[in-house]
Amino acid sequence: MIRTGIFSGSFNPIHIGHLALANWLCEFEELDEVWFVVSPQNPLKAKGDLLDNRFRLQLVEAAIDGYPGFKASDFEFHMPVPSYTIDTLQALDKAYPERQFHLIIGADNWALIERWKEYEKIITTYPVLVYPRLNYDIRIPGQYPLVRKVNAPVIEISSTFIREATQAGKDVRFFLPEKVRELYLHK
């Protein structure tokens, strides 16, 4: 069975923090691959200044080009909006029965997990890898053996930071992969 990490997000835009975490999970955890699932609309976030879905997918494809353990996915583009994780995971199970899906979430999302649709079903059915974020304590109750904290490096870069910095005319060349920077700055 192929162990596939599902890293779902807006990726508005994707940056080196996303990539470093996914790389760490492929190389130092039990994952065979990580799929970057671009979400059209997170139900817990305002749509705000979300870039076009296809453009965000194009940025992810550019960012991961050449790395065999990563895949860009538009799976949620074909599902009802907003995107609910439980619906995505169940649809992925049906579409790819040869894979075991592991949900990748940050400690910030773990702190909000009770607000997610059918969260108990998620954390009792699927392996969940919770990565650290600054100022978030990860506490996992013992009744959820499929949920575990991973000791990935903490990289506090956000897409919001990237958007605000570029709008302010800052040079963000070391926060974005070169191909992403070229596409993003010339959108």
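Structure's up top.
Residues numbered from 1 in each chain as written. Predicted model: local features only at pLDDT ≥ 70, side-chain atom pairs only at ≥ 80, totals over all residues. Heavy atoms only, no water.

1. What about the pattern of salt bridges?
Heads up, the rule is: By definition here, a salt bridge exists when the distance from a side-chain nitrogen of Lys or Arg to a carboxyl oxygen of Asp or Glu is within 4 Å. Here a strand is any run of E in DSSP of at least two residues, a helix any run of H or I of at least four, and the numbering for each starts at the N terminus. Classification of residues uses two cut-offs on accessible area relative to the type maximum, computed with a 1.4 Å probe and protein chains only: under 20% is buried, over 50% is exposed, and between them is partly exposed.
Applying the stated criterion across every chain, the model contains 13 salt bridges. The salt bridge partner of Glu156 is Arg133, with a shortest N-O separation of 3.1 Å. Placement of the pair is Glu156 in the loop between β6 (147–149) and α6 (159–167) and Arg133 in the loop between β5 (128–131) and β6, with a sequence separation of 23 residues. Assessed through its relative accessible area of 22%, Arg133 is described here as partly exposed.

2. Details of the pairing of strand β4 (residues 99–106)
Note the cut-off: We call two strands paired when DSSP finds no fewer than two bridges between them.
For β4, the buried fraction is high: 7 of the 8 residues fall into the buried class. Bridge analysis of strand β1 (residues 2–9) against β4 gives 5 bridges, and the strand direction is parallel. By the bridge assignment, Ile6 is partnered in β4 with Leu103. Bridging between β4 and β5 involves 4 bridges; their strand directions are parallel. Bridging across to β5, Ile104 finds its partner in Leu129.

3. Digging into the nonpolar core
Where a protein is soluble and globular, its nonpolar side chains tend to be buried together. Stated formally: To define a nonpolar core, start from buried Ala, Val, Leu, Ile, Met, Phe, Trp, Tyr and Cys residues and group those joined through side-chain atoms within 4.5 Å. Here, residues are in contact when the closest pair of their heavy atoms is within 4.5 Å.
Of all hydrophobic cores here, the largest spans 36 residues; its most connected members are Phe7, Ile14, Val34 and Phe36. Elements represented by at least two residues in this core include exactly α1 (16–28), β2 (33–38), α2 (53–64), β3 (70–73), β5, α6 and α7 (178–185). Contacts of Val34, omitting those with residues within four sequence positions, involve Gly5, Phe7, Ala22, Cys26, Gly69, Phe70, Lys71 and Ile104. Counting 24 residues, the second-largest nonpolar core is a separate cluster that includes Ile105, Trp116, Tyr119 and Ile138.

4. Some details on the side chain of Arg99
Our working definition: Counted as a polar contact is a pair of N or O atoms within 3.5 Å, where, for protein atoms, one must be capable of donating a hydrogen and the other of accepting one, and residues adjacent in sequence contribute only when both atoms are in side chains.
Among the secondary structure elements, Arg99 is positioned in strand β4. For Arg99, the side chain forms a polar contact with the side chain of Thr4, separated by 3.3 Å. Reaching out from Arg99, the side chain makes a polar contact with the side chain of Glu33 at a distance of 2.7 Å. Beyond its immediate stretch of four places on either side in the chain, Arg99 contacts Met1, Ile2, Thr4, Glu33 and Trp35.

5. Side note on α2
Helical geometry note: an α-helix holds 3.6 residues per turn, so side chains three or four residues apart project in the same direction. Our working rule: Given a helix with a known number of residues, its expected span is that number minus one, times 1.5 Å.
Here α2 is 12 residues long and its end C-alpha atoms lie 17 Å apart, about the 16 Å a rise of 1.5 Å per residue gives. With a side-chain oxygen lying 3.1 Å from the backbone nitrogen of Arg54, the N-terminal cap of α2 falls on Asp52.

6. Side note on the packing of aromatic side chains
Rules: Ring geometry is summarised as follows: Phe, Tyr and Trp rings, the Trp one being its six-membered ring, pair when their centres sit within 6.5 Å, and such pairs are stacked at plane angles under 30 degrees, edge-to-face over 60 and tilted between the two.
Tallying each qualifying case throughout the model produces 12 aromatic pairs. With centroids separated by 5.2 Å and ring planes inclined at 75°, the aromatic side chains of Phe36 and Phe70 adopt a geometry described as edge-to-face. Of the two residues, Phe36 sits in strand β2 while Phe70 sits in strand β3, which places them 34 residues apart along the sequence. Both rings, one in Phe75 and one in Tyr96, keep their centres 6.5 Å apart while their planes meet at 50°; by these two values the pair is tilted. Within this pair, whereas Phe75 is found in the loop between β3 and α3 (85–95), its partner Tyr96 is found in the loop between α3 and β4, the two being separated by 21 residues in sequence. Of the residues examined, Phe75 reaches a relative accessible area of 17% and is grouped as buried. The exposure class assigned to Tyr96 is partly exposed, which follows from its relative accessible area of 24%. Members of the aromatic cluster, connected to one another through ring pairs, are Phe7, Phe11, Phe36, Tyr67, Phe70 and Tyr131.

7. Focus: the sheet that holds β6
So the rule is basically this: Angles here are taken between N-to-C directions and fall from 0 to 180 degrees, while the axes themselves are lines fitted to C-alpha atoms, restricted in helices to the stretch in contact.
What the 6 strands build is an open sheet, ordered β3-β2-β1-β4-β5-β6; its pairing is parallel. Looking at strand neighbours, the two that pair on one side only are β3 and β6, the edges of this open sheet. Neighbour-to-neighbour, the strand axes of the sheet open up by a mean angle of 25°, direction not taken into account. Along the sheet, α1 makes contact with β1, β2, β3, β4 and β5, crossing β2 at roughly 145°.

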